[in-house]
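Notes for the structure review
Chain by chain, the residues:
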Amino acid sequence: MSKLMAFEEPVVKLREKIVELKTIATEADVDMTGEIEKLETRLEELEKSVYANMEPWHRVQVARHADRPTTLEYIERIFEDFIEVHGDRTFKDDAAIVGGIASFNGQPITIIGHQRGKTTKENIRRNFGMPHPEGYRKALRLMKQAEKFKRPIICFIDTKGAYPGKAAEERGQSEAIARNLFEMAGIRVPIISIVIGEGGSGGALALGVANKILMLENSTYSVISPEGAASILWKDASYAKEAAEAMKITALDLKELKVIDGIIPEVAGGAHKDVEQQAIFMKEYLTNILNDLNKESADQLVENRYMKFKNIGQYIEQ
C-alpha cells in the first residue's frame, strides 16, 4: 500500500468509509445504495478539490513519493525489446543511470534515464538516483551512438542531483555534466526529455538539453531543492514549503515561464496510484511529439533546440 501523505487524509478516510458501508451492506443484507452513492459523489468532488488544487509543496511530496514509478518501470510498459547497455568505456558502469536501445511504435530509439531504487538495498546500489561522472559519460556514449545510427533519444529525468561526493569530484563531475550540455546542443537527432519525478540541478539538466521538455503533472524541476534554498535564504531548512512556492518549480509554473513545452497529466493522486494508466498517458504524448520531430531535418532539429533555450527567460528594458 502506498504511503499516505497528510493532504490526502480526507480523501482516504472517505474512501475507507465507503468500503466499510459496502461491507456492512453485504454482510447484513441491507440496502444502503442511496447512502453509498451520496458518499461516492462526495468522494469524486473531494478528489477533484484536493488533487486539482495541490500546493507546490504537496507536489514536491508526490514527486518524492517512495512508490513513484521509476525509469525502468516506464520502459517496461511503454517500449518494446529494451536492451540495456552498461559502462562508459572509461571507468565503470553507474547504476544511477540506465540506458539502452528499444523499439517504440516500430521505430528504433535510444532511452536514457536516472534510476533510483524502491528498497534500501536497491537505493544503495543505485546511489539513490544520484549519478557519478561515469553515469553521465555512459549517457553521452549512448547519445553519440544514437546520432550515428539516426535513432531518436528519449530521456527520463528523476534525480535529486548529481552525486556531490569526493570521488565524483575527483573524476570530473562538473566536466562530465558540462560536456553533456555542450554535446546535446549539437546532437543531430530528435531529443525528448521527460521529468518523471524530481529534476534537481545540473544532475537533471545533463539529460535535459532537448527539442521538447515535458514534465509529469506532479514532478519538479529546479536548480536547488526547496530545503537547500530555504537554508540559503532563511538560514532554516524548515521554510522549505515557502521556498517551494517562491521558486516556481512545478510543471504549471515552468510551462507558464516557457521553460518546458508540455505537461503530461497524472492519474488522481499521483503516478504511483496507477502505473499502467500513467504509462498510457505518457505513450500518447511521446507518440505525438516524436511524429512531429521525425518530420524535421537534422539541421532544423539543432537550430530549433538552440532557439528554444535562447528564448527562455524574461527581461524588462528600462
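Residues numbered from 1 in each chain as written. Predicted model: local features only at pLDDT ≥ 70, side-chain atom pairs only at ≥ 80, totals over all residues. Heavy atoms only, no water.

Burial runs high along strand β2 (residues 97-104): seven of the eight residues are buried. The pairing of strand β1 (residues 80-84) with β2 spans three bridges and is classified as antiparallel. From the neighbouring strand, Ile83 faces β2, where its bridge partner is Ile101. One ladder, built from eight bridges, connects β2 with strand β3 (residues 107-114); its direction is antiparallel. Looking at β3, one finds that Ile97 is bridged to His114. Here β2 hands over to β3 after two residues, with Asn105 in that stretch at a positive phi of 50°. (Buried < 20%, exposed > 50% of the residue type's maximum accessible area, 1.4 Å probe, protein only. Helix = DSSP H or I, 4+ residues; strand = E, 2+ residues; numbered from the N terminus. Pairing = 2+ DSSP bridges.)

A word on the pairing of strand β6 (residues 212-216). By the criterion of burial, β6 is predominantly enclosed, with four of the five residues buried. Where strand β5 (residues 191-200) lies against β6, four bridges are found, and the strand directions are parallel. Directly across from Ile194, in β6, lies its bridge partner Leu214. Taken together, the three bridges between β6 and strand β8 (residues 262-264) define a ladder with parallel strand orientation.

Under the counting rule described, the total for this entry stands at four aromatic pairs. Each ring, one from Phe79 and one from Phe156, has its centre 6.3 Å from the other, and the planes form 75°; the classification is edge-to-face. Of this pair, Phe79 sits in the loop between α4 (71-78) and β1 while Phe156 sits in strand β4 (residues 153-159), and the two are 77 residues apart along the sequence. Taken as a pair, Phe79 and Phe156 share a single burial class, namely buried. Chaining the aromatic ring pairs together yields one cluster made of Tyr74, Phe79, Phe104 and Phe156. Lys308 extends its terminal NZ or CZ atom over the ring of Phe309, reaching a point 5.7 Å from the ring centre. (Phe/Tyr/Trp six-rings, centres within 6.5 Å; stacked < 30°, edge-to-face > 60°. Lys NZ or Arg CZ within 6 Å of the ring centre and 35° of its normal.)

At Asp81, a residue that is not glycine, the phi angle is positive and equals roughly 55°. Along the chain, the position of Asp81 falls in strand β1. With a relative accessible area of 63%, Asp81 lands in the exposed category. With phi around 60°, Lys248 is a residue other than glycine that occupies positive phi space.

Looking at the protein chain, the domain boundaries give domain 1 (6-53) and domain 2 (60-311). Here the C-alpha centroids of domain 1 and domain 2 sit 37 Å apart. (Domains from an automatic or database assignment.)

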